[in-house]
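Residue-level listing of the chains:
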Amino acid sequence: RKLAEEAKEAKKKSEEEAAAAKERAAQRQLLAIEELVQSERNYLRMLQLSTVTIRSNLQKLQPPLSNLDSMFLYIEEVIDVSSRLLSLLDQKLVKPGNPNFLETLCNSFLSLSSDIEAAYKEYLANYNQVTVIEDGYKQKEALWNEIVKVIKASAPEVNATSLSFFLVMPVQRIARYPLLLQTIQKHTDPTHPAYPLLEQTAHTSIALNCRINEYKRFREVADKYKKTETLTIKDKINRLNSHSIAKKTARFSQHFKHETGIAAKLVDEEFDALEGFFYAFLACKTEEFDFDMDGEKAPICYKEITTALRQWILPTFEKRMRTLIHKPLCALRDLLVGPRNLIRKRLDKLLDYELIEAKPTLSYEEQAVANTYRTMNTLLLNELPQFNGLALQMIWSMLGTFSCLHKDLASDMEQLFQSFAQQLPHSSVHPAAFWEWAESAVLEGARRLETLCQTVQDTLNAPVVQPLSPSSQRRLKQLTDKHGSGKIYQVMTTVVGSRDLDLNLVKGELVAVISEADTRGDKRRWLVDAGGRRGYVSNSKLIRYHQPAEDPPPSPHLTLPEGMSGVRRHSYTPQSQQLTVTRQPCFQVLAVYDFTARGNHEVSVRAGEPVRVLEPHDKRGNPEWSLVEAGGGQRGYVPSNYLAMMPMGTGPSSSYYPYC
């Protein structure tokens, strides 16, 4: 009986201890929850104090602080997400002591986890800039004393002595979320209904910190290597040391092995595709943008139209082109510099990585090299698709804008010419006759254009046969004996090498193709033999060489085919696409304005008077004056822009000087 009583008392005591332990755990859980919520409120209050009160007071200093706004970059997003978290907790009207508060807390944090990550990762990535700017302020003692004075006056209860006292809080806060949530989880009974949700929230906060730190590391690598350094020769020499020389020598050796095929190169097809797409944007040459709105064009015969074009339409068009096309293109060109430098630096890091890849164990420095390469490669694989997509969107947008600008230009030109249409000589022509003349002119222009296209096509398809100098003939024999006549190609245009192992060749030079792809499998770069020199050339610059026959055939222009007259033909139209003109119109040249001769070498004409143009220029070849024969056989010069060619029937009836 005594033993039973002792067992009963021990059981009662253990139950009391368990209940007490449970009560202590509940109290600790409550304290941890209250700490998280209350510290969040204090944290938000401090951020608002620094961004509103202190910042506004610092902006009043004279002279104004440089880069002050850069110190508060992205802090508004951090304040916003923190205030939204507290707002969600307050909306439920549940106190921390309520058993349902834990579920509310977890749900609120999980619902904002993506926004928390987006806000904090940008702030943390930019925090190094905050310290750099503050260190710059500290170098000026008088200025720094003024800043500290403003901070103490704005927040006397805090006893802060620098801006970083406030601005480092987001860096500390994001790392504290996992600690606070794990403390709550530690003191929460696993049988609690919200325990699985709490466990998920704690894991989410840890993963969130890992992703933020990874993003920060990527940004640090990008900021380090995307900068373009402008170094003098002296600076480059001063940077040389045994370590840098050894590293560059190893890279050059590895690159040489790749290009010569001695060693295989690590191939990343995904990155190579992104790199090729990116380099297409580098073809943007904004310095070659031509804003010459006049150019060389046929003279316009009407002064009012010329004045309107040069004073109103063309300047407006040029201004819009500069603002909507040229300026965005220059901005895109500047944006390309950073990624281009990263891509170049990745190649250097790849060469370093290939040297240590096969090693079973790596030293601390070698591990750092491997980590740097992997970071840069991952960063480019993640960021280049987004950059390429945005750049392509910009170009498509500019292309649409370019089209709209020309549409507006055409509309303005149409409106201008319609306003002057009634004053032009052809206004008296019957519409049917005018459109018949216009149709004939268009068909004639189309026939000439087709002839030109056919001529260009025949020229391009014709074998390239250029006379060879004695040295070129010796090279041809040497290359033919070594590689065979089927491998001989000729350079179409001057080639300037832009990459390692590329050749510089002049137009007409002969080469023999050794391989129709480079070591990376790129079929656009061919390995060629230039008579001793070997290197790569773009295949678009080469064309197969055709040796001329010993006795070239007679020129087809010396004899005429049977059935063809001796009249010279200026164009050729294929039979499959024959163009016919219904009627060859007759034209006459009319004086558009009155002109009074000022000397013996000029002749007076009246508006509408038909004339015959003897020479469309003066004795010096100046096209601004034309030698004409007016009525009565008088000859002399008149301004060319006072004349116009119109169909027969325009102006006063006359049989003078028709052109059929």
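Since the structure is predicted, the reported quantities are computational estimates derived from the model, not experimental observations. (Residues numbered from 1 in each chain as written. Predicted model: local features only at pLDDT ≥ 70, side-chain atom pairs only at ≥ 80, totals over all residues. Heavy atoms only, no water.)

**Overview of the overall build of the chain**
(1) Moving on: Across its full length, the chain holds 17 helices and 10 strands.
(2) Moving on: In the chain, which comprises 660 residues, the proportion classed as buried is 35%.
(3) Moving on: For the chain, restricting intrachain contacts to residue pairs at least 6 apart in sequence, the fraction spanning at least 24 positions comes to 69%.
(4) Moving on: Carbon and sulfur atoms make up 54% of the accessible area of the chain, which totals about 41400 Å². (Helix = DSSP H or I, 4+ residues; strand = E, 2+ residues; numbered from the N terminus. Buried < 20%, exposed > 50% of the residue type's maximum accessible area, 1.4 Å probe, protein only. Contact = heavy atoms within 4.5 Å. Areas by Shrake-Rupley, 256 points an atom, 1.4 Å probe, with all protein chains shown as cover.)

**Regarding the side chain of Glu366**
(1) Moving on: Residue position: Glu366 is located in helix H15 (residues 364–420).
(2) Moving on: Residue contacts for Glu366: discarding those within four places in its chain leaves Ile356, Lys359 and Thr361.

**Comments concerning the sheet that holds strand S5 (residues 542–544)**
Strand-to-strand pairing in sheets goes through backbone hydrogen bonds, with the strands running parallel or antiparallel.
(1) Moving on: In space, the five strands of this open sheet follow the order S4-S3-S2-S1-S5, with antiparallel pairing throughout. Every interior strand has two partners, whereas the edge strands, strand S4 (534–538) and S5, have only one. Direction aside, neighbouring strands of the sheet carry axes that sit 50° apart on average.
(2) Moving on: In this sheet, strand S2 (residues 510–515) lies alongside strand S1 (residues 488–491) in antiparallel orientation, the contact comprising three bridges. (Pairing = 2+ DSSP bridges. Axes fitted to C-alpha atoms, helices over the stretch in contact; angles between N-to-C directions.)

**Re the nonpolar core**
(1) Moving on: If you look at the biggest cluster of nonpolar residues, it comprises 63 residues, and the most contacted ones within it are Leu58, Tyr120, Leu163, Phe166 and Leu167.
(2) Moving on: Per-element tally for this core: the top contributor is helix H1 (residues 2–58), with 11 residues.
(3) Moving on: When neighbours within four sequence positions are excluded, Leu58 is seen to be in contact with Leu65, Leu68, Ile147, Val150 and Leu163.
(4) Moving on: Listed in part, the 16 residues of the second largest apolar core include Leu342, Met376, Leu380 and Phe387. (Core = buried A, V, L, I, M, F, W, Y, C linked by side-chain atoms within 4.5 Å.)

**A few points about the environment of Ala202**
(1) Moving on: Structurally, Ala202 can be placed in helix H9 (residues 195–225).
(2) Moving on: Owing to a relative accessible area of 2%, Ala202 belongs among the buried residues under this scheme.
(3) Moving on: It is 8.8 Å that separates the C-alpha atoms of Ala202 and Leu180, two residues lying 22 residues apart in sequence.
(4) Moving on: Residue contacts for Ala202: discarding those within four places in its chain leaves Leu181, Gln182 and Gln185.

**Section: the packing of H9 against helix H14 (residues 337–356)**
Each pair of packed helices gets described by two things: the angle between the helix axes and the distance between those axes.
(1) Moving on: It is the contact of H9 with H14, at a shortest axis distance of 9 Å, that shows an interaxial angle of 100°. The orientation of H9 with respect to H14, classified from their angle, is roughly perpendicular. In this structure, H9 uses Val221, Ala222 and Tyr225 to contact H14, whose residues at the interface are Asn341, Leu342, Lys345 and Lys349.
(2) Moving on: Considered class by class, the residues forming the contact of H9 with H14 number four nonpolar, one polar and two charged. (Parallel < 35°, antiparallel > 145°, perpendicular 65-115°, else oblique. Nonpolar A, V, L, I, M, F, W, Y, C, P; charged D, E, K, R; others polar.)

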